[in-house]
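Listed here are the chains, written in short residue letters.
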Amino acid sequence: MSLRTRSRTMEKAMRCILVRHAESVGNAEGRLQGHAEFDLTNVGRRQAERLFQRLQMEGLEPTHVYCSPLRRTVETARIVSRSWQAPLTLWGDLIEYNVGVFSGLRWEDIDMQYPTMAQAFRESGDWAVVEGAEDLMQRHARGRRVVASLVEGHRSGDVIVAFSHGGILQHIIAAFLGTDRSWGIRVRNTAVFDFTLDKNLWYEFGSVRRNTRHWRILSFNDAAHLELDYGAAEQTGSAKEA
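First, a word on scope: everything that follows refers to the structure included in this document. (Residues numbered from 1 in each chain as written. Predicted model: local features only at pLDDT ≥ 70, side-chain atom pairs only at ≥ 80, totals over all residues. Heavy atoms only, no water.)

1. As for the pairing of strand E5 (residues 192-197)
Inclusion rule: Under the scheme applied here, a residue whose accessible area is under 20% of the maximum for its type counts as buried, over 50% as exposed, and between as partly exposed, the area being computed with a 1.4 Å probe on protein chains only. The secondary structure listing takes helices from DSSP runs of H or I that are at least 4 residues long and strands from runs of E that are at least 2 residues long, numbered from the N terminus. Whether two strands pair depends on DSSP finding at least two bridges between them.
For E5, the tally of buried residues reaches 6 of 6 residues, placing the bulk of the element in the interior. Neither face of E5 is open: one carries Val192, Asp194 and Thr196, the other Phe193, Phe195 and Leu197, and all of them are buried. Pairing of strand E1 (residues 14-20) with E5 involves 6 bridges; the strand directions are antiparallel. Looking across to E5, one finds that Cys16 is bridged to Phe195. Both E5 and strand E6 (residues 215-222) contribute to a ladder of 5 bridges, which runs antiparallel. Its bridge partner being in E6, Asp194 is matched across the sheet by Ser219.

Structure, rendered in C-alpha cells:
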C-alpha cells in the first residue's frame, strides 16, 4: 500500500514515521558511534536521495518533522525533507544512546584500549559496565518518553516524521508496541517504520488495546527504496547500531 493510499484511509489517525539515518563514515568504518560525530558517506547521501524520491512519489507531506541533533542524522533529514513545508526541528531525545568510552572506536581499538571493560561487556551485554555509557533502563525510559511526547504533543490527523538512530529506535519501537521487552532489530540505513494510532484511546485499557483498527503498522524496517530504480544509488547493508 502506498503512503498516499494510507493517508486517505487513515485520515483521523495520528501517523508516526520513524527513519534511521543514512550510511555514515562511522558505519562504513565499523565504528561504535554513539554521540560521536560523523558525516554521511557518498553512499549515504545517495541512500537519503532515494528515500527523498520515494516519499515524493508517494505524496508524503508531514505536519511535523523532528531530527536527532547529530550530524549524520541532520544531513539525512535535510536531504529527505527539503521539499516539505514543515520545518525541521532538532530534538535531543532522538539522539543515539551514549556508548561512553567506546564512542567512535572499532572493536579492535576497544579490545586494545579497554580490554577488561570489553570482556565484561561481551559476557553480560550490559552497557552499565561501560564507563560513561547510557544504561539499558535509561534507554528504555527515553524511548517511552519519545513516544509519550509524540502522542501527547500532537493531534489526531497529524503526520509526524522523526529521524533517529538504529540503537535508540529499538527502544522507541518497543514503546510504540507497548512492551517492557526491547527487541533487537537490525535497522537498515534509511529504513522506515510507519505507525498509525488513535491518540484519544492511547491511554485506555481493556479490549480497545486488542482492537487492531486503532493500532496499525504500515511499514517495518522498510528500505525497499534502496532496491528500486529511482536513479544511481547503492546500499551497503550496514546494520551497526549508530
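Once the structure has been displayed, the description carries forward.
2. Comments concerning the sheet that holds E5
Here is the rule we go by: Under this scheme, a helix contributes an axis fitted over its contacting stretch, all axes are lines through C-alpha atoms, and angles between N-to-C directions fall in the 0 to 180 degree range. Note on contacts: a residue pair is in contact if any heavy atoms of the two residues lie within 4.5 Å.
The strand order E3-E2-E4-E1-E5-E6 describes an open sheet built from 6 strands, whose pairing is mixed. Because the sheet does not close on itself, it has two edges, and the strands there are strand E3 (88-90) and E6. The average angle at which neighbouring strand axes cross in this sheet is 20°, direction not considered. The strands that helix H4 (residues 71-80) touches are strand E2 (64-67), E3 and strand E4 (159-164); relative to E4, the one it contacts most, it runs at about 145°.

3. Details of a nonpolar patch on the surface
To keep it simple, the criterion reads: By definition, no residue in a patch forms a salt bridge, and every one has over 30% relative accessible area; like charges are joined within 9 Å, nonpolar side chains (Val, Leu, Ile, Met, Phe, Trp, Tyr) within 5 Å. Surface accessibility in these figures is a Shrake-Rupley result with a 1.4 Å probe; residues are shielded only by whichever protein chains are displayed. Every case where a carboxyl oxygen of Asp or Glu lies within 4 Å of a side-chain nitrogen of Lys or Arg is listed as a salt bridge.
The grouping of Leu177, Ile217 and Phe220 at the surface amounts to a nonpolar patch, some 280 Å² of accessible area in total. A relative accessible area of 46% places Ile217 in the partly exposed class.

4. Here we look at the environment of Leu136
Mapping Leu136 onto the fold places it in helix H7 (residues 136-152). Residue classification places Leu136 among the partly exposed residues on the basis of a relative accessible area of 36%. Between the C-alpha atom of Leu136 and that of His171, which follows or precedes it by 35 residues, the distance is 9.3 Å. Beyond its immediate sequence surroundings of up to four residues, Leu136 is in contact with Gly125, Asp126, Trp127 and His171.

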